[in-house]
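Here is what each chain is made of, one letter per residue.
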Amino acid sequence: MVTQQDSDSVSPASDEDDATSSSAAPNEDGQGGQATFSKEVQERAAAAASECGEGPTATSSSGSPLNGSSNGSIAGLKSGDWLSGASGDTSGIAKLRGSDVEVATTWADGPSVNISIPQLQDGGEYAKDRWNKSLIVAVAPFTDGGSWAQAASGAYDEDWTKQLQNFKKGWGGRDGTLFEEWGHEMNGNWYAWQVQAGQEGDYLAAWDRYAKLKASIFPDIVLTQTFNRESAGYDGNSLDLIAKGKIGALGVDYYNQFPYVGDAAAFQASLNERDGGGGAKGFGAWLDTAKGVGLPLIVPEWDGNADQGDSPAFIEGMHEQFATHAGPGAGQVAAECLFEIDKDGGRWQLANSGTRMPLSAKAYADSF
């Protein structure tokens, strides 16, 4: 998902292409917006963040990039390096920057694909004979009509077993790392699996069930919990949703919007922003959160937004963050993918010859 929805009744994506459909409505937690969280909630969230050691002085309790052997590992990545890539037009991005992509992002989060994971199977876009690099795959834990309460009770164990078996069937034996985003952007209000206040217990219980199945069926997957940069559905602190000990990486989808940053000073000022519930919003705050829970950070989706403007400073700032914090360790950036998909009137494209963000495209070519 690339933008905030202006309604709490948005239908979930129905297929891979619809997985990133959106409106351009701003999130009210954005700069200058009306706060959506009460003072009590904000104070409680700030206290929770302090108790959990989140912040620039936080240190990881583990020198390992992953919490436990069953959480997978990031193949061949060393401190100072990161996997850089794109979704959609990966060849176009490779041509723009003059080097091959090292990772891609794809989605299998609609009801017709979330169990079968067709992209990885024979004939699929990322089948074994077509792709032997790292890959980030976003999948749905359940679709329309499902709930976290049902998930916690075991209602979807059979589906999850098939889902993981299909991951293993489609991926097994490759050289790269497979990141699985399970129930991505749950802090938004546009997917069936959004989490609302009061559902934290069921949500984390469901993660526990899924992580145990994953460990027994296909432990090599790096199970990833990906938030949207800004909350638009969860009235609380994102720390309360992190499935500690169950995941191999923390993820954030990060676009230049709500607030939009147009120059280097604005980018720097945005790094430590937090949302109304006290959770991370700025990229630096997300790095701090990852460090505080002892995990690497991945960025499955990021880009400018042509409807907001053409900001080379955002592209340059993101590259600086990736390069400065690169690696597989706690609070480091392990992987990122530019969202290079032809949709929404070219809102997200840099490699296209008719890009609406020519300055950003040049900045990407020069930086990457």
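Above this note sits the structure.
First things first, this report covers the structure right here in the doc. Note that the coordinates shown come from a computational prediction; the quantities given were computed from them, not determined experimentally. (Residues numbered from 1 in each chain as written. Predicted model: local features only at pLDDT ≥ 70, side-chain atom pairs only at ≥ 80, totals over all residues. Heavy atoms only, no water.)

1. Quick word on the nonpolar core
Inference 1: By size, the foremost hydrophobic cluster in this structure holds 79 residues, and its most contacted members are F283 and W302.
Inference 2: Aside from chain neighbours lying at most four places away, what touches F283 is V252, Y254, S270, L271, L297, V299, M318, Q321, F322 and V333. (Core = buried A, V, L, I, M, F, W, Y, C linked by side-chain atoms within 4.5 Å. Buried < 20%, exposed > 50% of the residue type's maximum accessible area, 1.4 Å probe, protein only. Contact = heavy atoms within 4.5 Å.)

2. A few points about the pattern of salt bridges
Pairing between side chains of opposite charge can happen when the charged atoms of each approach one another.
Inference 1: In this structure the tally under the stated criterion is nine salt bridges.
Inference 2: The residue K343 makes a salt bridge to D344 at a minimum N-O spacing of 3.3 Å.
Inference 3: The partly exposed category is assigned to D344, whose relative accessible area is 26%.
Inference 4: Put simply, R347 and D344 hold a salt bridge, and the shortest N to O gap is 4.0 Å.
Inference 5: Linked through salt bridges whose partners overlap, the residues forming this network are D307, K343, D344, R347 and R356. (Salt bridge = Lys/Arg side-chain N within 4 Å of Asp/Glu carboxyl O.)

3. Concerning the sheet that holds strand β5 (residues 222-228)
Inference 1: Ordered in space as β1-β2-β3-β4-β5-β6-β7-β8, the eight strands form a closed barrel in which the pairing is parallel. Neighbour-to-neighbour, the strand axes of this sheet turn through a mean angle of 25 degrees, independent of strand direction.
Inference 2: Where strand β7 (residues 297-303) and strand β8 (residues 333-340) come together, four bridges link them in parallel fashion. Paired with W302 across the strands is L338, a residue of β8.
Inference 3: The strands touched by helix α5 (residues 200-217) are β4 (178-182) and β5; relative to β5, the strand with the most contacts, the crossing angle is about 150 degrees. (Pairing = 2+ DSSP bridges. Helix = DSSP H or I, 4+ residues; strand = E, 2+ residues; numbered from the N terminus. Axes fitted to C-alpha atoms, helices over the stretch in contact; angles between N-to-C directions.)

4. A look at the environment of A138
Inference 1: Counting through the fold element by element, A138 comes out in strand β3 (residues 134-139).
Inference 2: Classification of A138 by relative accessible area gives buried; the value is 0%.
Inference 3: Each C-alpha atom of the pair A138 and A108 lies 5.8 Å from the other, and the pair is 30 residues apart in sequence.
Inference 4: Not counting residues up to four positions away in its chain, the partners in contact with A138 are T106, W107, A108, D109, E181 and H184.

5. A look at the packing of helix α4 (residues 157-171) against α5
Inference 1: Closest axis-to-axis distance for the α4/α5 pair is 10 Å, and the angle between their directions is 40 degrees. Taken as axis vectors, α4 and α5 run oblique relative to one another. The element α4 and its partner α5 pack so that their crossing is right-handed. Seen from α4, the contacting residues are D157, W160, T161, Q163, L164, Q165 and K168; seen from α5, they are A206, R209, Y210, L213, K214 and I217.
Inference 2: Classifying every residue of the contact of α4 with α5 by side-chain character gives six nonpolar, three polar and four charged. (Parallel < 35°, antiparallel > 145°, perpendicular 65-115°, else oblique. Left-handed = near helix turned anticlockwise from the far one by under 90°. Nonpolar A, V, L, I, M, F, W, Y, C, P; charged D, E, K, R; others polar.)

6. Thoughts on the pairing of β5
Inference 1: Burial analysis of β5 places seven of its seven residues in the buried class, the great majority of the element.
Inference 2: Side chains V222, T224, T226 and N228 project from β5 onto one buried face, and the interleaved L223, Q225 and F227 project onto a second face that is buried too.
Inference 3: By the bridge criterion, three bridges tie β4 to β5 in an arrangement that is parallel. Paired with E180 across the bridge in β5 is L223.
Inference 4: With respect to chirality, the unit in which β4 leads through α5 into the neighbouring parallel β5 is right-handed.
Inference 5: Pairing geometry for β5 and strand β6 (residues 249-255), over five bridges, is parallel. Residue pairing for β6: Q225 is matched across the bridge by L250. (Right-handed = clockwise from strand over helix to strand, strands pointing away.)

7. What about the packing of aromatic side chains?
Aromatic ring pairs are reported here in terms of the distance separating the ring centres and the angle at which the planes meet.
Inference 1: This structure, assessed with the given rule, holds 28 aromatic pairs.
Inference 2: Ring centres 6.2 Å apart and planes at 85 degrees place the aromatic pair F339 and W348 in the edge-to-face group. Neither F339 nor W348 differs from the other in exposure class; each is buried.
Inference 3: Within the aromatic cluster, the residues linked to one another by ring pairs are W82, Y254, F267, F283, W302, F314, F322, Y364 and F368.
Inference 4: In this arrangement the basic side chain of K133 is found over the ring face of W131, its NZ or CZ atom lying 5.5 Å from the centre. (Phe/Tyr/Trp six-rings, centres within 6.5 Å; stacked < 30°, edge-to-face > 60°. Lys NZ or Arg CZ within 6 Å of the ring centre and 35° of its normal.)

8. Quick notes on the packing of helix α8 (residues 312-324) against helix α9 (residues 358-367)
Between two packed helices, what matters for the description is the angle formed by their axes and the separation of those axes.
Inference 1: Two elements in contact, α8 and α9, have axes separated by 8 Å at closest approach and are oriented at 25 degrees. The angle between α8 and α9 places the two elements in the roughly parallel class. Between α8 and α9 lies a crossing whose hand is right-handed. Mapping the contact onto sequence places P312, I315, E316 and H319 in α8 and L359, S360, A363, Y364 and S367 in α9.

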